[in-house]
Amino acid sequence: MLGKSFCPRIKNIKDQWLYRINGEKDYCSLNTFLKGAKHIIKMSPVVDQWDRMAHFYASLEAGHVTASTALKRLTGHSEKNLFYKANRELGRILKTEHILRWMADPLKRRQTRKGLLKTEQVHQLARDITYGNRGRLKGKSLEEINSSGNCTAAIIAAITYWQAKEISKVIKENDPEAAGIDISLLAYISPIEWSNVILYGEYKLNRDLVR
């Protein structure tokens, strides 16, 4: 609805349901995945509530309402509510399309895993940086907690920038082609790396003061 396409890696995808719009159509090899009346999309709520849904999602795009507030409004409806039904049925259509593409396109699976691995790298770096208090934020106010989160984000950005700069420096100061290195592989090197960074500081002890 917002012109964006997400590529989640769905847990236990083999147990997910696929839905069809036409209950009488023969889907050949997919028929085994589409058994049962519950697997048929009811399009009437989507058609009836289309304009209202467009207004609802346009308010998100325009910033008139936050995603959390919109989600609370949506989940606050009962299953008998037409607007809730319309969003549920539309979500089932989009989810089915995503699962079918995931099953049929190996390149899509590789690209999604590649993107998720980068995200997981950032999360791991954040966990390693916030080692104090066992990774828990103990601010007394929302401002202090936000400040801690912003500091973590700033450190992650600094480490990533420094690593990218060092990679660039190595390439410029050396001759990869003469060393037999394929420069095109540089696109697969992530700057999100910190094994060469001393996150916990460096401690120097004066042995003369040790008793």
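Keep in mind that what you see is a predicted model, and the values were worked out from it rather than measured. (Residues numbered from 1 in each chain as written. Predicted model: local features only at pLDDT ≥ 70, side-chain atom pairs only at ≥ 80, totals over all residues. Heavy atoms only, no water.)

Undergrad: In this structure, what is going on with the packing of helix 2 (residues 50–62) against helix 4 (residues 82–104)? I would like to understand it.
TA: Two quantities define a packed helix pair, namely the angle between the axes and the distance from one axis to the other. One can describe the packing of helix 2 onto helix 4 by two numbers: an axis separation of 10 Å at closest approach and a directional angle of 80°. On the basis of their axis angle, the class for helix 2 and helix 4 is roughly perpendicular. Within the contact between the two elements, helix 2 uses Arg 52, Met 53, Phe 56 and Tyr 57 and helix 4 uses Phe 83, Ala 86, Asn 87 and Leu 90. A breakdown of the residues in the contact of helix 2 with helix 4 according to their chemical character gives six nonpolar, one polar and one charged. (Axes fitted to C-alpha atoms, helices over the stretch in contact; angles between N-to-C directions. Helix = DSSP H or I, 4+ residues; strand = E, 2+ residues; numbered from the N terminus. Parallel < 35°, antiparallel > 145°, perpendicular 65-115°, else oblique. Contact = heavy atoms within 4.5 Å. Nonpolar A, V, L, I, M, F, W, Y, C, P; charged D, E, K, R; others polar.)

Undergrad: Explain the side chain of Glu 89 to me, please; I cannot follow it from the model alone.
TA: Within the fold, Glu 89 resides in helix 4. A relative accessible area of 2% means that Glu 89 is categorised as buried. Among the polar contacts listed, one links the side chain of Glu 89 to the backbone nitrogen of Lys 42, at a separation of 2.9 Å. Within the structure, Glu 89 has its side chain in polar contact with the side chain of Arg 92 (distance 3.1 Å). Once residues within four sequence positions are removed from consideration, Glu 89 is found in contact with Ile 40, Ile 41, Lys 42 and Val 46. (Buried < 20%, exposed > 50% of the residue type's maximum accessible area, 1.4 Å probe, protein only. Polar contact = N/O pair within 3.5 Å; in protein donor to acceptor, adjacent residues only side chain to side chain.)

Undergrad: When you look at the nonpolar core in this model, what are you seeing that I'm missing?
TA: Among soluble globular proteins, nonpolar side chains are generally buried collectively. The biggest cluster of nonpolar side chains holds 10 residues, and these are Val 46, Met 53, Phe 56, Tyr 57, Val 65, Ala 70, Leu 74, Phe 83, Ala 86 and Leu 90. At the level of secondary structure, the elements contributing two or more residues to this core comprise helix 2, helix 3 (67–75) and helix 4. When residues no more than four places from it in sequence are discounted, the contact partners of Ala 86 are Pro 45, Val 46, Gln 49 and Met 53. Counting residues in hydrophobic clusters, the runner-up holds six residues, among them Leu 125, Ile 129, Ile 192 and Trp 194. (Core = buried A, V, L, I, M, F, W, Y, C linked by side-chain atoms within 4.5 Å.)

Undergrad: Which parts of the structure should I look at to understand the environment of Lys 38?
TA: For Lys 38, the location among the structural elements is in the segment before helix 1 (43–48). Sequence separation of Lys 38 and Ser 168 is 130 residues, and the distance between their C-alpha atoms is 56 Å. Ignoring any residue separated from it by four or fewer positions in sequence, one finds Lys 38 in contact with Trp 17 and Tyr 19.

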